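# Structural overview for review
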Amino acid sequence: MPSKYTGNSLGFIEWKGEKGVYSSPESRRLDWNRSSHSRNIRWLDHAATRVRAQDRDPAILEFMRLTNYDFDFSIYVKSLNSITNVARLSSSDFAMVFTSGITPFVSQLASGPTEKFIKNFGPRVHHIAFQTEEIDATVEALKQDEMKFLLDLVGSPEEGLKQIFSLPSKNTLLVLEYIHRYGDFDGFFTKSNVTSLTAATAKQ
Ligand SMILES: [Fe+2]
């Protein structure tokens, strides 16, 4: 059942055949002509769910109870009035991210972007992030494909990551994030990115 804290359902799968193969004997290949830059877009790095401040702990504990994920760390961002909480198996695995306001929603004027987002759209996944190779060229190619972004590509190798966020999809409301990590950086944004991220979130 969807979680009352996050709206997310969890799926559990045991592969009886080859791991990761979804096709059945009746399946046939689609004749899709995928662009070459789409090959640079790889695995799901993280999914960021927005939860109410008062549901932050129950949401994380529920997820940990239903999986073997561990709580990893939290990041307080005063300027965004938000707390980003990370659950994962190891720093190289998919991360489940829970973001909430530091305090519950008060008003459109007083509350931060996370609580306002939840007020408008309910608790839900805000974005899914894909590990992206050749991220500069790939983002340029996506722009050529008329994909629209909330902000420019931000970050640098020195800071440990580069990232960019799409506009929310008209069909799913989901934002797509393209992220490239350098070295063993395991965060989700850098200090210098927070200002532009705040501005970008305000557009929603
Ligand atoms: Fe993210």
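Fair warning: this is a prediction, and the values are worked out from it, not measured in the lab. (Residues numbered from 1 in each chain as written. Predicted model: local features only at pLDDT ≥ 70, side-chain atom pairs only at ≥ 80, totals over all residues.)

### Some details on the sheet that holds strand S5 (residues 124-132)
Spatial ordering of the open sheet is given by S2-S3-S4-S1-S5-S8-S7-S6, a layout of eight strands whose pairing is mixed. Two strands close off the open sheet at either side, each with one partner strand: strand S2 (70-77) and strand S6 (154-156). Averaged over all adjacent pairs, the angle separating strand axes in this sheet is 20 degrees, with direction ignored. The pairing of S5 with strand S8 (residues 175-181) spans five bridges and is classified as parallel. Note on S8: the bridge partner recorded for Gln-131 is Ile-179. On the sheet, helix H1 (residues 56-66) packs against S2, strand S3 (82-88) and strand S4 (95-101) and is oriented at approximately 10 degrees with respect to S3. Against the sheet, helix H2 (residues 113-121) touches strand S1 (41-50), S3, S4 and S5, its axis set at about 95 degrees to S4. (Pairing = 2+ DSSP bridges. Helix = DSSP H or I, 4+ residues; strand = E, 2+ residues; numbered from the N terminus. Axes fitted to C-alpha atoms, helices over the stretch in contact; angles between N-to-C directions. Contact = placed C-beta atoms within 7 Å.)

### Observations regarding helix H3 (residues 135-144)
Where H3 is concerned, the buried positions are Ile-135, Thr-138, Val-139 and Leu-142. Buried residues along H3 cover an arc of 100 degrees about the axis, so they all sit on one side. When the buried face of H3 is taken as reference, the exposed residues oriented beyond 90 degrees from it are Asp-136, Ala-137, Lys-143 and Gln-144. Buried residues belonging to H3 abut S1, S5, strand S7 (161-165) and S8. Just downstream of H3, Glu-146 is the residue with a positive phi angle, here 70 degrees. (Buried ≥ 20, exposed ≤ 12 C-beta atoms within 10 Å, placed from the backbone. Arc of directions from axis to C-beta.)

### Examining the environment of Ser-111
Relative to the helices and strands, Ser-111 is located in the loop between S4 and H2. When the 19 C-beta atoms within 10 Å are taken as the criterion, Ser-111 is described as partly exposed. With 83 residues separating them along the chain, Ser-111 and Val-194 place their C-alpha atoms 17 Å apart. Discounting residues that sit within four places of it in the chain, Ser-111 has contacts with Gly-101, Phe-105, Val-106 and Lys-116.

### Digging into the environment of Asp-55
Relative to the assigned elements, Asp-55 resides in the loop between S1 and H1. A count of 19 C-beta atoms within 10 Å places Asp-55 in the partly exposed class. Excluding anything up to four places from it in sequence, Asp-55 contacts Tyr-5 and Pro-123.

### Points about the pairing of S7
Most of S7 is tucked away: five of the five residues are buried. Here S7 shows two buried faces, one formed by Leu-161, Gln-163 and Phe-165 and the other by Lys-162 and Ile-164. In this sheet, S7 lies alongside S6 in antiparallel orientation, the contact comprising three bridges. What sits directly across from Ser-156, in S7, is Leu-161. The hairpin turn running from S6 into S7, its antiparallel successor, is four residues long, and Gly-160 in that turn takes a positive phi close to 100 degrees.

### Structural notes on the confidence of the model for the protein chain
Model confidence for the protein chain is summarised by a mean pLDDT of 91, while 96% of its residues fall at 70 or above. H1 holds the highest mean pLDDT among the elements of the protein chain, 97, whereas helix H4 (residues 194-202) holds the lowest, 68. (pLDDT = per-residue confidence, 0-100.)

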